[in-house]
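# A structural walkthrough
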Amino acid sequence: MSLPTLYSFRRCPYAMRARLGILLSQTPVSLREIILKHKPEPMLAASPKGTVPVLILQDGNIIDESLDIMRWALSLNDPHNLLLADQPQRQEQAKALIDSNDNEFKSWLDKYKYADRNPEQSEIFYRTEGEKFIAQLEHLLGKNQQLLSDSASIADFAIFPFIRQFAGVDSTWFSQAPYPNVQAWLADHLEGAIFSNIMKKYPTWLDSGESFQFGQ
Ligand SMILES: N[C@@H](CCC(=O)N[C@@H](CS)C(=O)NCC(=O)O)C(=O)O
């Protein structure tokens, strides 16, 4: 039987969270690696907004929001209870944190990363704005090993790819910044087998014509 098709881009944090959800749910998909400068026609036909990740299901339904892909995969199989079933309060906390990441932190991250293209304010200004979210995570991680409890949830996996980017803008600064809990949490996720699995390199689908089974 054919598998759902996932259009993905290795370094995109949204695509990373989709791949994390797929891998952690052990849901096999057929992965097509793309580059953003040259998006495949079938991907654009399925999702004209032209962002990755895009998932095309066997019945033709399209899921083109990374969080929806995570939720779709985990609703099929969630062995680690990342969706926090039977914990409605934590579900709300997870949603609020992911909202802050996606709707506030991400724009400061982009401006910090590309401060030269955003000369209205300084790099340090953008970093300081981004640090408000990092400080919130630091506080949460002072209470538990992961953001909402000692076990990782959808919030950890949806957010850490973005914190990785923030840390990578100036890794010397980040390594001595006053966020030891965030540093340890991020290192733990980045050093794990799950992350190395989702970061495997694949040739691009347009160049090679090859898709790769991913997620099992
Ligand atoms: N809200 C979308 C955002 C996805 C997104 O913006 N992905 C970026 C790459 S990290 C993208 O495809 N940008 C289009 C482009 O750069 O052409 C999601 O969560 O899936």
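Residues numbered from 1 in each chain as written. Predicted model: local features only at pLDDT ≥ 70, side-chain atom pairs only at ≥ 80, totals over all residues. Heavy atoms only, no water.

Attention now goes to the nonpolar core. It is characteristic of soluble globular proteins that their nonpolar side chains tend to be buried jointly. Formed by 59 residues in total, the largest nonpolar core has its most connected members in Leu 97, Leu 137, Leu 147, Ile 159, Ile 163, Val 182 and Trp 185. Taken domain by domain, this core gets at least three of its residues from each of domain 1 (5-81 + 199-214) and domain 2 (88-195). Trp 185 has contacts with Leu 137, Leu 141, Gln 145, Gln 146, Leu 147, Asp 156, Ile 159, Phe 160 and Ile 163, leaving out every residue within four places of it along the chain. Core analysis: the second largest hydrophobic core is formed by 10 residues, Phe 9, Cys 12, Ile 34 and Val 52 among them. (Core = buried A, V, L, I, M, F, W, Y, C linked by side-chain atoms within 4.5 Å. Buried < 20%, exposed > 50% of the residue type's maximum accessible area, 1.4 Å probe, protein only. Domains from an automatic or database assignment. Contact = heavy atoms within 4.5 Å.)

Around the ligand sit Cys 12, Pro 13, Tyr 14, Leu 36, Lys 39, Gly 50, Thr 51, Val 52, Pro 53, Asp 64, Glu 65 and Ser 66, and those are all the residues in its vicinity. A distance of 2.8 Å separates a nitrogen atom of the ligand from a polar side-chain atom of Glu 65. Contact distances for the ligand include 2.6 Å between an oxygen atom and a side-chain N or O atom of Ser 66. Across the complex, the protein chains shield 71% of the 520 Å² of accessible surface that the ligand would expose by itself. The class makeup of the residues in the shell around the ligand is 6 nonpolar, 3 polar and 3 charged. (Near = heavy atom within 4 Å. Polar contact = N/O pair within 3.5 Å; in protein donor to acceptor, adjacent residues only side chain to side chain. Areas by Shrake-Rupley, 256 points an atom, 1.4 Å probe, with all protein chains shown as cover. Nonpolar A, V, L, I, M, F, W, Y, C, P; charged D, E, K, R; others polar.)

Right, let's get into the packing of helix H4 (residues 88-113) against helix H5 (residues 123-141). Direction vectors running N to C along H4 and H5 enclose 150 degrees, while the axes themselves pass 8 Å from each other. Relative to H5, H4 is oriented roughly antiparallel. For the crossing formed where H4 meets H5, the hand is left-handed. Along its contact with H4, which presents Leu 97, Ser 100, Asn 101, Phe 105, Trp 108, Lys 111 and Tyr 112, the element H5 presents Glu 123, Phe 125, Tyr 126, Arg 127, Glu 129, Gly 130, Phe 133, Ile 134, Gln 136, Leu 137 and Leu 140. Of the residues assigned to the contact of H4 with H5, the class counts are 10 nonpolar, 4 polar and 4 charged. (Axes fitted to C-alpha atoms, helices over the stretch in contact; angles between N-to-C directions. Helix = DSSP H or I, 4+ residues; strand = E, 2+ residues; numbered from the N terminus. Parallel < 35°, antiparallel > 145°, perpendicular 65-115°, else oblique. Left-handed = near helix turned anticlockwise from the far one by under 90°.)

Each aromatic ring pair is characterised by the separation of its centres together with the angle its planes make. Going through the model one piece at a time under the given rule, you end up with 13 aromatic pairs. Taken together, a centroid distance of 6.1 Å and an interplanar angle of 80 degrees make the contact between Tyr 7 and Trp 205 edge-to-face. Here Trp 205 lies in helix H10 (residues 205-208) and Tyr 7 lies in strand S1 (residues 5-8), a separation of 198 residues in the sequence. Accessibility expressed as a relative area gives 1% for Tyr 7, which makes it buried. Each member of the aromatic cluster is reached from another via a ring pair, and the members are Phe 105, Tyr 112, Phe 133, Phe 166, Trp 173 and Phe 174. Across from the ring centre of Trp 108, 5.5 Å away, lies the NZ or CZ of Lys 111, which sits over that ring. Its end group placed over the ring of Tyr 114, Arg 117 keeps NZ or CZ at 4.0 Å from the ring centre. (Phe/Tyr/Trp six-rings, centres within 6.5 Å; stacked < 30°, edge-to-face > 60°. Lys NZ or Arg CZ within 6 Å of the ring centre and 35° of its normal.)

Domain boundaries assigned for the protein chain yield domain 1 (5-81 + 199-214) and domain 2 (88-195). Taking only C-alpha atoms, the centre of domain 1 and the centre of domain 2 are 23 Å apart. Listed by partner, the interface residues are 13 residues for domain 1 and 14 residues for domain 2. For the pairing of domain 1 and domain 2, the buried interface totals around 1400 Å² over both sides, and the portion due to carbon and sulfur atoms is 73%. Among the residues domain 1 hides against domain 2, the three largest losses belong to Pro 13, Arg 17 and Leu 20. Together they make up 35% of the total. (Buried area = accessible area lost by both parts, 1.4 Å probe.)

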